[in-house]
Amino acid sequence: MIGLAGRYEQVMAEVLLSTQDHPDERPLISLALTEKEARGFAAWRADRPDLDLVARFETMAREDGRLPAEPVLSEWHQRNGKPHLVVVMGSDSDAMAAAFVLRRPHHPAGTHDVPILVRQEREDRLLQAVDLANEPAGGSARMAAFGGLIRADSIERVLDRKGDEAAMALHAGYLAAESDKKTL
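Computed from a prediction, not measured in an experiment: that's the story for all the values here.

(A) Structural context of the overall build of the protein chain. If you tally the helices and strands in the protein chain, you get eight helices and five strands. Beginning at the N terminus, the succession of helices and strands in the protein chain can be written as α-β-α-α-β-α-β-α-β-α-β-α-α. Per-residue burial over the protein chain gives 39% buried out of 184 residues. Considering only contacts within the protein chain whose residues lie at least 6 apart along the sequence, 73% involve residues at least 24 apart. Accessible area of the protein chain: about 11,100 Å², with a carbon and sulfur share of 54%.

Shown next as structure tokens:
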């Protein structure tokens, strides 16, 4: 997770729920936080001592409106491998900028093809349009916007595109049928 804006507590809870997929291992939740965010997260976490039973937490320092320094991200990537999901929570413009930076090929965090959820206060179709235009053939890279709250099934859907592919095929079939009706 990058940043803690809005109702991050609810988003964190849903991320924790969706990452409980191994009976013997706790997922690693890495957070890139400013000093102020780190203090707030530490206080929230201190009120929930049981969190350490369900997940491991690691924080990285970042400046406001920025990602952690590239050497920090590179070292994280070497130590932990490729992330499974990135959640960016900041102001709309900062969150969008971070998502695009994380999409760069050869990014030191290894996130160029990882699903990215981006918190947006207002509906913005830019992420969806960019994602569709740049999607690799057969790939599962995604950037998806979400509002203030997020549900665990939304996270699972971003991680698994099968439902989207079926919906896109149905929509394409519908458009083809409508087109055929107009040409008759």
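(B) The arrangement of the side chain of H107 in detail. Counting through the fold element by element, H107 comes out in the loop between α5 (92–102) and β4 (116–119). The residues touching H107, leaving out its near neighbours within four places in the chain, are L67, L73, V101 and L102.

(C) Quick look at the sheet that holds strand β3 (residues 86–88). Read from one edge of the open sheet, three strands run β3-β4-β5, paired in parallel fashion. Looking at strand neighbours, the two that pair on one side only are β3 and β5 (143–146), the edges of this open sheet. Strand-to-strand, the axes of this sheet are offset by a mean angle of 20°, without reference to chain direction. Note that β4 and β5 share four bridges and pair parallel. Each bridged residue has a counterpart across the sheet, and for R119 the counterpart in β5 is F146. Together, β3, β4 and β5 form the strand contacts of α5, whose direction differs from that of β4 by roughly 165°.

(D) Inspection of the environment of G147 at higher detail. The topology assignment puts G147 in the loop between β5 and α7 (152–159). Assessed through its relative accessible area of 34%, G147 is described here as partly exposed. Taking the C-alpha atoms as reference, G147 lies 8.6 Å from V118; in sequence the two are 29 residues apart. With sequence-adjacent residues up to four places away left out, G147 is seen in contact with R119 and Q120.

(E) Local environment of unusual backbone geometry. Look at H106: it is not a glycine, yet its phi comes out positive at around 65°. By the secondary structure assignment, H106 is in the loop between α5 and β4.

(F) Region of interest: the nonpolar core. M1, M12, I29, L31, F41, F57 and V87 are the most contacted members of the largest nonpolar core, which totals 20 residues. Broken down by secondary-structure element, the contributors of at least two residues to this core are α1 (8–18), β1 (28–33), α2 (35–46) and β5. Looking at this core, the element that brings in the most residues is α1, giving five residues. Every residue in contact with M1, bar those within four places of it in the chain, is listed here: V11, M12, S30, L31, A32, V87 and M89. Counting residues in hydrophobic clusters, the runner-up holds 17 residues, among them L67, A95, L102 and V118.

(G) Representation of the packing of aromatic side chains in the model. Counted by the stated rule, this structure contains three aromatic pairs. Aromatic pair F41 and F57: ring centres 5.6 Å apart, planes at 55°, arrangement tilted. In this pair, F41 sits in helix α2 while F57 sits in strand β2 (residues 56–61), placing the two residues 16 residues apart along the sequence. Take F41 and F57: they sit in the same class, and that class is buried.

(H) Main features of the side chain of T111. Within the secondary structure layout, T111 lies in the loop between α5 and β4. A polar contact of 2.7 Å, which involves the side chain of T111, links it to the backbone oxygen of L102. Apart from residues no more than four positions distant in its own chain, T111 is found in contact with P83, V86, L102, R103 and I116.

The rules behind these values
Residues numbered from 1 in each chain as written. Predicted model: local features only at pLDDT ≥ 70, side-chain atom pairs only at ≥ 80, totals over all residues. Heavy atoms only, no water. Helix = DSSP H or I, 4+ residues; strand = E, 2+ residues; numbered from the N terminus. Buried < 20%, exposed > 50% of the residue type's maximum accessible area, 1.4 Å probe, protein only. Contact = heavy atoms within 4.5 Å. Areas by Shrake-Rupley, 256 points an atom, 1.4 Å probe, with all protein chains shown as cover. Pairing = 2+ DSSP bridges. Axes fitted to C-alpha atoms, helices over the stretch in contact; angles between N-to-C directions. Core = buried A, V, L, I, M, F, W, Y, C linked by side-chain atoms within 4.5 Å. Phe/Tyr/Trp six-rings, centres within 6.5 Å; stacked < 30°, edge-to-face > 60°. Polar contact = N/O pair within 3.5 Å; in protein donor to acceptor, adjacent residues only side chain to side chain.

Note that every value here comes from positions in space, so none of it alone points to a role or purpose.
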